[in-house]
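Next come the chains, spelled out residue by residue.
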Amino acid sequence: MSRVGRVERTTKETSVLVEIDLDGTGKTDIATGVGFYDHMLDQLGRHGLFDLTVKTDGDLHIDSHHTIEDTALALGAAFKQALGDKVGIYRFGNCTVPLDESLAQVTVDLSGRPYLVHTEPESMAPMIGEYDTTMTRHILESFVAQAQIALHVHVPYGRNAHHIVECQFKALARALRYASERDTRAAGILPSTKGAL
């Protein structure tokens, strides 16, 4: 059974199309108009082995906030759609990723309940190109709200802002991949004692 999500989201601020295949090979086609964000979404697809298409046309003449936020909302909704009934998946996933001097630890529960815990170094540079580094948390908040997952992201140390953000996306990709993969020992089983996720 195909596990594909497709979401189109249009407002006065943005027009977003997201397509994701959870059982892909990591092929990506990303264009948001925010170069560093494109790079991070590419990491998400490639390291998660998700085929991911993201096309966003936003009000970049104002700033990148709406473009980044609405893309994350659509991505979360598409991920939730692609998960389907969640029968036979692992549900939980975690990954720790180093990137030179930075380290990210990510744990996810595809629980049906949105919750985010996020920590990263406070002394990080405010911008990476046109990317406002305070948006990383907001991306995760937006994604979690729509995907309805519990997500814990912890960066205990790091100096370079590019590395700090990138290791988070790589670890997120792997954790989502592990959590959403099918468990051959649990075929036909919903991984919940409550009978609902």
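Residues numbered from 1 in each chain as written. Predicted model: local features only at pLDDT ≥ 70, side-chain atom pairs only at ≥ 80, totals over all residues. Heavy atoms only, no water.

Under an unreviewed UniProt entry, the protein chain has the name Imidazoleglycerol-phosphate dehydratase and belongs to Streptomyces brasiliensis. Checking UniProt for the protein chain, the heading Sequence similarities (unreviewed entry) contains the comment "Belongs to the imidazoleglycerol-phosphate dehydratase family." (UniProt positions renumbered as here; feature names shortened; annotations may be inferred.)

A closer look at the sheet that holds strand 1 (residues 4-10)
Hydrogen bonds between backbone atoms are what pair the strands of a sheet, whose relative direction is either parallel or antiparallel. The strand order across the open sheet built from four strands is 1-2-4-3, with neighbouring strands paired in mixed fashion. With one partner strand each, in any of the chains shown, strand 1 and strand 3 (28-31) form the two edges of the open sheet. Strand-to-strand, the axes of this sheet are offset by a mean angle of 5 degrees, without reference to chain direction. Relative to strand 4 (residues 51-58), strand 2 (residues 14-21) is paired through eight bridges, and the arrangement is antiparallel. Paired with Val16 across the strands is Thr56, a residue of strand 4. Here helix 1 (residues 35-48) sits on the sheet in contact with strand 3 and strand 4, set at roughly 160 degrees to strand 3. The sheet contacts of helix 2 (residues 65-83) involve strand 1, strand 2 and strand 4, and relative to strand 1 the element is tilted by about 145 degrees. (Pairing = 2+ DSSP bridges. Helix = DSSP H or I, 4+ residues; strand = E, 2+ residues; numbered from the N terminus. Axes fitted to C-alpha atoms, helices over the stretch in contact; angles between N-to-C directions. Contact = heavy atoms within 4.5 Å.)

Thoughts on the pattern of salt bridges
Under the defined criterion, the tally for this structure stands at ten salt bridges. Across the salt bridge formed by Asp29 and Lys55, the nearest N and O atoms sit 2.8 Å from each other. A residue pair is termed long-range when its members are at least 10 positions apart, and Asp29 in strand 3 and Lys55 in strand 4 qualify at 26 residues. Among the charged side chains, a network of salt bridges with common partners joins Arg3, Asp23 and Arg182. (Salt bridge = Lys/Arg side-chain N within 4 Å of Asp/Glu carboxyl O.)

Examining the pairing of strand 10 (residues 150-157)
Here strand 6 (residues 102-109) pairs with strand 10 via six bridges, running antiparallel. Within strand 10, the residue paired with Asp109 across the bridge is Ala150. In the sheet, strand 7 (residues 115-119) pairs with strand 10 via five bridges, with the strands oriented parallel. Bridge assignment links Val117 to a residue of strand 10, and that residue is His152.

Some details on the state of the cysteines
Using the criterion set out here, one finds zero disulfides in the structure. Of all cysteine sulfurs in the structure, the one in Cys167 sits closest to Cys95, which takes part in no disulfide; the separation is 11 Å. Judged by its relative accessible area of 12%, Cys95 is buried. Under the relative-accessibility criterion, Cys167 is labelled buried at 0%. (Disulfide = S-S within 2.5 Å. Buried < 20%, exposed > 50% of the residue type's maximum accessible area, 1.4 Å probe, protein only.)

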